[in-house]
Amino acid sequence: MKIIVIEDEETLNDALTMFLESEGYEVHSYYNLKDFFSSIYDYLDAELIIADISLPDGNFLEEMKKHPNIAKKTKTIIISGQTEIENIKKAFNRGAEDFIKKPFDYEEILLRINKIFNQKNYKINDEVSYDADAKCLIKNDEKIMLSKKESATLELFLKNRGKNPITRTDNAGSLG
């Protein structure tokens, strides 16, 4: 899994990056928003962003507001010492999956990552979600039961949402 860390505290950024890499993750770290946004290709295929709110060149929550596709394409965990309830509300309202208050234990980050990526409820859009345990869609508190094939297909799509499709490099599909 590819993770992006955006944290301006150099020692925390380096330590978190090293810890995540030791756990087998591919990590790209940035100390400011400018460098993060200039490396858009790293962002496009990342599965998770772990970001501080206050960075030397801006506020990550404001960037989430300006660029709502950040939270739509990539799951986000906010890490911050700014633990006022308004910041926590903003983070969740702008699409963050989690908010971790500084200081934190690195094991906590792992627990939160595992929780996010092993979830059984998927938000499909603002009105519809999917409950993988019950094998049903939920719209306006109404449950719509799916067949075994429908739920398996939907889960496959949801688990691979945002990933690049596999392209064939062999000649198996060619006519000539």
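Residues numbered from 1 in each chain as written. Predicted model: local features only at pLDDT ≥ 70, side-chain atom pairs only at ≥ 80, totals over all residues. Heavy atoms only, no water.

## Description of the nonpolar core
Among the nonpolar cores identified, the biggest contains 20 residues, and I4, I6, F36, I49, F60, M64 and I78 are the most heavily contacted of them. Where this core is concerned, the elements lending two or more residues are strand 1 (2-6), helix 2 (33-38), strand 3 (48-52), helix 4 (60-66), helix 5 (69-73) and helix 6 (85-93). Tallying contributions element by element places helix 4 first for this core, with three residues. If near-sequence neighbours (up to four positions away) are discounted, I6 is found in contact with Y30, N32, F36, I49, I50, A51, D52, L55 and F60. (Core = buried A, V, L, I, M, F, W, Y, C linked by side-chain atoms within 4.5 Å. Buried < 20%, exposed > 50% of the residue type's maximum accessible area, 1.4 Å probe, protein only. Helix = DSSP H or I, 4+ residues; strand = E, 2+ residues; numbered from the N terminus. Contact = heavy atoms within 4.5 Å.)

## Quick notes on the sheet that holds strand 9 (residues 128-131)
Taken in spatial order, the four strands line up as 8-9-10-11 in an open sheet, and their pairing is antiparallel. Strands with a single pairing partner mark the edges of an open sheet, and in this sheet they are strand 8 (121-123) and strand 11 (142-145). Across the sheet, the axes of successive neighbouring strands diverge by a mean angle of 25 degrees, strand direction being ignored. Helix-sheet contacts for helix 8 (residues 148-159) involve strand 8, strand 9 and strand 10 (136-139), and the interaxial angle to strand 9 is about 110 degrees. (Pairing = 2+ DSSP bridges. Axes fitted to C-alpha atoms, helices over the stretch in contact; angles between N-to-C directions.)

## Brief notes about the packing of aromatic side chains
If you walk through the whole model with that rule in mind, you get four aromatic pairs. Between F19 and Y106, the ring centres sit 5.4 Å apart and the planes meet at 25 degrees, which makes this aromatic pair stacked. Taken as a pair, F19 in helix 1 (residues 10-22) and Y106 in helix 7 (residues 106-117) lie far apart in primary sequence, 87 residues in all. Here the aromatic cluster, defined as three or more aromatic residues joined through ring pairs, consists of F19, F104 and Y106. (Phe/Tyr/Trp six-rings, centres within 6.5 Å; stacked < 30°, edge-to-face > 60°.)

## Considerations on the sheet that holds strand 3
By way of backbone hydrogen bonds, the strands of a sheet pair with one another, either parallel or antiparallel. With respect to topology, five strands assemble into an open sheet ordered 2-1-3-6-7, the strand pairing being parallel. The sheet is open, and its two edges are formed by strand 2 (26-30) and strand 7 (98-101), each paired on a single side. Sheet twist, expressed as the mean angle between neighbouring strand axes with direction ignored, is 20 degrees. Helix 6 contacts strand 6 (75-80) and strand 7 of the sheet and is inclined by roughly 150 degrees relative to strand 7.

## A look at the pairing of strand 1
If a strand is regular, its side chains alternate between the two faces of the sheet. With respect to burial, strand 1 is a largely interior element, five of its five residues being buried. Taken together, the five bridges between strand 1 and strand 2 define a ladder with parallel strand orientation. Paired with K2 across the bridge in strand 2 is E26. For the crossover from strand 1 across helix 1 to strand 2, the handedness is right-handed. In this sheet, strand 3 lies alongside strand 1 in parallel orientation, the contact comprising four bridges. Its bridge partner being in strand 3, I3 is matched across the sheet by L48. (Right-handed = clockwise from strand over helix to strand, strands pointing away.)

## Observations concerning unusual backbone geometry
Here K102 and P103 are connected by a cis peptide whose omega angle stands at -5 degrees. If you trace the backbone, P103 turns up in the loop between strand 7 and helix 7. With a phi close to 55 degrees, K135 is a non-glycine residue in the positive phi region. For K135, the position within the fold is in the loop between strand 9 and strand 10. Relative accessible area serves as the criterion here: at 31%, K135 is assigned to the partly exposed category.

## Observations concerning the pattern of salt bridges
For the coordinates displayed, the defined rule picks out 11 salt bridges. For E127, the salt bridge is made with K139, and the minimal N-O distance between the two is 3.9 Å. One end of the pair, E127, is in the loop between strand 8 and strand 9; the other, K139, is in strand 10, and 12 residues separate them in sequence. When salt bridges that share partners are traced, they join E7, E9, D52 and K102 into one network. (Salt bridge = Lys/Arg side-chain N within 4 Å of Asp/Glu carboxyl O.)

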